[in-house]
Amino acid sequence: SQQGEEDPQALSIQEGENATMNCSYKTSINNLQWYRQNSGRGLVHLILIRSNEREKHSGRLRVTLDTSKKSSSLLITASRAADTASYFCATTLEAAGNKLTFGGGTRVLVKP
Amino acid sequence: GAVVSQHPSRVICKSGTSVKIECRSLDFQATTMFWYRQFPKQSLMLMATSNEGSKATYEQGVEKDKFLINHASLTLSTLTVTSAHPEDSSFYICSAREYFARGPYNEQFFGPGTRLTVL
């Protein structure tokens, strides 16, 4: 079974609005990563947050991590039509050989 | 940056035939490559971990005789779907991890994926 669950499964917003999606996981992790996937394409790495970090920024992206709640959020500010994609969280556990375990993903549609 | 390619990007085959998908790390050496499968509107499911020079490690429920993995060099891993059937139609994505990790977290670099359609 998948480690991570994401919500919402789908999100539709207007250009310029913020998009927030959440990821929950079940076991302790080393780090958590967020990826973007455009339709029918491979994954693009967005940001990695370590288990001892609480918040991280990269451009218009803001990621938080709450290890007590085993959850993370990805915020995309001032969204653009080009942000339309599926977003996946993935956790890494050293005991599992640093394999990535993906969440179910959030499909984001940014309407111009 | 680290680039991973896959070939072919799309393949259509008849039921019962075998299909080989290649995953190459273009500018780095990868001791470990991962193969994922993704059904439409679903997440990536890890199928197997491929280590150069040794046998692949398959995830539970993945048939090793059905999905043959060969990692003969530090830049190439292949996935062969044997006797493919329509239910094998999916998007197959590989990723590669550098031998000397470029970053501190053994980042995986993903290929663009291969769309397999079995008629």
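First things first, this report covers the structure right here in the doc. (Residues numbered from 1 in each chain as written. Chains lettered and ligands numbered in written order. Predicted model: local features only at pLDDT ≥ 70, side-chain atom pairs only at ≥ 80, totals over all residues. Heavy atoms only, no water.)

Some thoughts on the side chain of Thr-82 of chain B
All names here are of chain B. By the secondary structure assignment, Thr-82 is in the loop between strand E8 (76-81) and strand E9 (90-98). On the accessibility criterion, Thr-82 (17% relative accessible area) is buried. If sequence neighbours within four positions are ignored, Thr-82 has contacts with Thr-17, Ser-18, Asp-65, Lys-66 and Leu-68. (Helix = DSSP H or I, 4+ residues; strand = E, 2+ residues; numbered from the N terminus. Buried < 20%, exposed > 50% of the residue type's maximum accessible area, 1.4 Å probe, protein only. Contact = heavy atoms within 4.5 Å.)

Observations regarding the sheet that holds strand E1 (residues 4-7) of chain B
Residues and elements named next belong to chain B. The strand order across the open sheet built from four strands is E1-E3-E8-E7, with neighbouring strands paired in antiparallel fashion. Each edge of the open sheet carries a strand with a single partner, namely E1 and strand E7 (67-73). Between one strand and the next, the sheet's axes are offset by a mean angle of 15°, whatever the strand orientation. (Pairing = 2+ DSSP bridges. Axes fitted to C-alpha atoms, helices over the stretch in contact; angles between N-to-C directions.)

With respect to the pairing of strand E3 (residues 19-24) of chain A
Residue and element names in this part refer to chain A. Of the two faces of E3, the one lined by Ala-19, Met-21 and Cys-23 is fully buried and the one lined by Thr-20, Asn-22 and Ser-24 carries no buried residue. Here six bridges tie E3 to strand E8 (residues 71-76), and the two strands are oriented antiparallel to one another. Bridging from a neighbouring strand, Thr-20 pairs with Leu-75 of E8.

Points about the sheet that holds strand E6 (residues 55-58) of chain A
All names here are of chain A. On the basis of which strands lie adjacent, the open sheet formed by five strands has the order E1-E3-E8-E7-E6 and antiparallel pairing. For this open sheet the edge positions go to strand E1 (5-7) and E6, each flanked by a neighbour on one side alone. Each strand of the sheet is rotated relative to its neighbour by a mean of 15°, with strand direction disregarded.

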